[in-house]
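Examination of the molecular architecture
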Amino acid sequence: MNATTRRHGSFIAVAVFAPPFAFAQIPAANSAGDYKKHMDDIQEAKDDLAYAIDDKKTAQVVDAATRLATLLQSDISYWNTKKNAPATELARDTHKLAAQAAQQAQHGDLPAVQTSVVQLQIKCRTCHDSHPENLVEHRFRK
Ligand code: HEC
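Below: a short report on this structure. (Residues numbered from 1 in each chain as written. Predicted model: local features only at pLDDT ≥ 70, side-chain atom pairs only at ≥ 80, totals over all residues.)

Some words on the overall build of the protein chain
The cut-off we apply is this: Numbering of helices and strands runs from the N terminus; a helix is a DSSP stretch of H or I covering at least four residues, while a strand is a stretch of E covering at least two. Remark: residues whose backbone-derived C-beta atoms lie within 7 Å of one another are considered to be in contact.
In terms of regular secondary structure, the protein chain is built from 7 helices and 0 strands. Listed N to C, the secondary structure of the protein chain is α-α-α-α-α-α-α in terms of helices and strands. Long-range pairs, those at least 24 residues apart, make up 56% of the contacts in the protein chain between residues at least 6 apart in sequence.

Structural data, given as C-alpha cells:
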C-alpha cells in the first residue's frame, strides 16, 4: 500500500489491510519463505511508521514503531540461531533504533523519531547489501 492509497483509501480498505493486532504473531522464520514473509511484515511496519510520521499521528507512530521493534527482536534470535554474528549485530542495531523511535514517539518528539528512522533504514540496507541469506542458503534450500 502506498501513501496515496492510504490517504485516500476507503474505510473498507483500511479494515482489510490494517486490522488491529494483525501483527501479534511473530513468524518463526525457519525457512526462506518464512523469512521473506517476516521481512515483508517488517517492510509494512516501517511503511506504516513513515506514513504516521508524515501524518503527524503520534499514537500511530508509537504503534508502528513498537510493532517494528517486536518484529526486529525476532530477527536477532533468527540470525543468532544461524550463528551469523555480523547479521545478528545489524538486527540488534535495527531493533535498538526501532525501540528508540517508539520511546521518542511516546514523548511526542516526531523530529527525533524521523532521525531514528533514517538511521534505521541505513542499517536495513547494510544488512541487505551483505546478503546474509547466501550464507544460510544450503539450509534454506534443503
Ligand atoms: C540482519 C539482516 C537484515 C536486516 C537488519 C534487515 N533485513 Fe530485510 N532482508 C534480509 C535478507 C537476508 C533478505 C533476503 C531474504 C531472501 O531472499 O531469502 C531480506 C529481504 C527483505 C525484503 C524482501 C522480502 C521478499 O519478499 O523478498 C524486504 C521488503 C526487506 N528485507 C525489508 C527490510 C526492512 C524495511 C528492514 C529494516 C527495518 C530490513 N529488511 C532489515 C536481511 C535483513
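A closer look at the site of the ligand
Selection criterion: Think of it this way: take the backbone, place a C-beta atom on it, and check whether that atom is within 6 Å of the molecule or strand, in which case the residue is near it. Polar here means any residue outside two lists: the nonpolar Ala, Val, Leu, Ile, Met, Phe, Trp, Tyr, Cys and Pro, and the charged Asp, Glu, Lys and Arg; Gly therefore counts as polar.
In the region of the ligand, 21 residues are neighbours, and M39, Q43, C124, C127 and E133 sit closest. No other element matches the 8 residues that helix α3 (residues 32-54) contributes to the shell around the ligand. A class-by-class count of the residues in the shell around the ligand yields 12 nonpolar, 3 polar and 6 charged.

Some details on the packing of helix α4 (residues 58-81) against helix α5 (residues 85-106)
Cut-off, in case you're wondering: Geometry is summarised by axes, namely lines fitted to C-alpha atoms with helices restricted to the contacting stretch, and by angles between N-to-C directions that run from 0 to 180 degrees. By the definition adopted for this analysis, an angle is roughly parallel if under 35 degrees, roughly antiparallel if over 145, roughly perpendicular if from 65 to 115, and oblique otherwise. Whether a crossing is left-handed or right-handed is set by the direction in which the near helix is turned from the far one by less than a right angle, anticlockwise for left-handed and clockwise for right-handed.
Where α4 meets α5, the closest approach of the two axes is 8 Å, and the angle between their N-to-C directions is 160°. On the basis of their axis angle, the class for α4 and α5 is roughly antiparallel. Read as a crossing pair, α4 and α5 show a hand that is left-handed.

Structural notes on the packing of α5 against helix α6 (residues 110-130)
Between α5 and α6, the least distance of the axes is 9 Å, while the angle of their chain directions is 165°. Compared by their axis directions, α5 and α6 come out roughly antiparallel. Seen from above, α5 lies across α6 with left-handed handedness. Contacts between α5 and α6 involve P86, A87, L90, D93, T94, L97, A98, Q100, A101, Q104 and A105 from the first element and L110, A112, V113, S116, V117, Q119, L120, K123, C124, T126, C127 and S130 from the second. Looking at the contact of α5 with α6 residue by residue, the class counts come to 14 nonpolar, 7 polar and 2 charged.

Details of the environment of L97
Secondary-structure assignment places L97 in helix α5. As for L97 and Q119, which are separated by 22 residues in sequence, their C-alpha atoms are 7.5 Å apart. For L97, the residues in contact, after removing those within four places along its chain, are S116, Q119, L120 and K123.

So, the nonpolar core
To be explicit about the condition: Put simply, a nonpolar core is a cluster of buried Ala, Val, Leu, Ile, Met, Phe, Trp, Tyr and Cys residues tied together by C-beta atoms within 7 Å. Backbone-placed C-beta atoms define the burial measure: a residue is buried with 20 or more other C-beta atoms within 10 Å of its own, exposed with 12 or fewer, and partly exposed in between.
Formed by 26 residues in total, the largest nonpolar core has its most connected members in L49, V61, A65, L68, A98 and A101. Considering every element that reaches this core, the biggest residue donor is α4, with 10 residues. Ignoring any residue separated from it by four or fewer positions in sequence, one finds A98 in contact with A65, L68, A69, L72 and L120.

Some remarks on α6
Here is the rule: Take the number of residues in a helix, subtract one, and multiply by 1.5 Å to get its expected span. The arc in question is traced by the directions running from the helix axis to the C-beta atoms.
Compared with the 30 Å implied by 1.5 Å per residue over 21 residues, the 30 Å span of α6 between its first and last C-alpha is a close match. Looking only at α6, the buried set comprises V113, S116, V117, L120 and K123. In an axial view of α6, the angular spread of the buried residues amounts to 120°, which keeps them on one side of the axis. Pointing more than 90 degrees away from the buried face of α6 are the exposed residues P111, V118, I122, R125 and D129.

Overview of the environment of A87
Along the chain, A87 falls in helix α5. Note: C-alpha distance between A87 and P132 (45 residues apart in sequence) is 6.7 Å. In this view, A87 contacts W79, C127 and P132; residues no more than four positions away in its chain are not counted.

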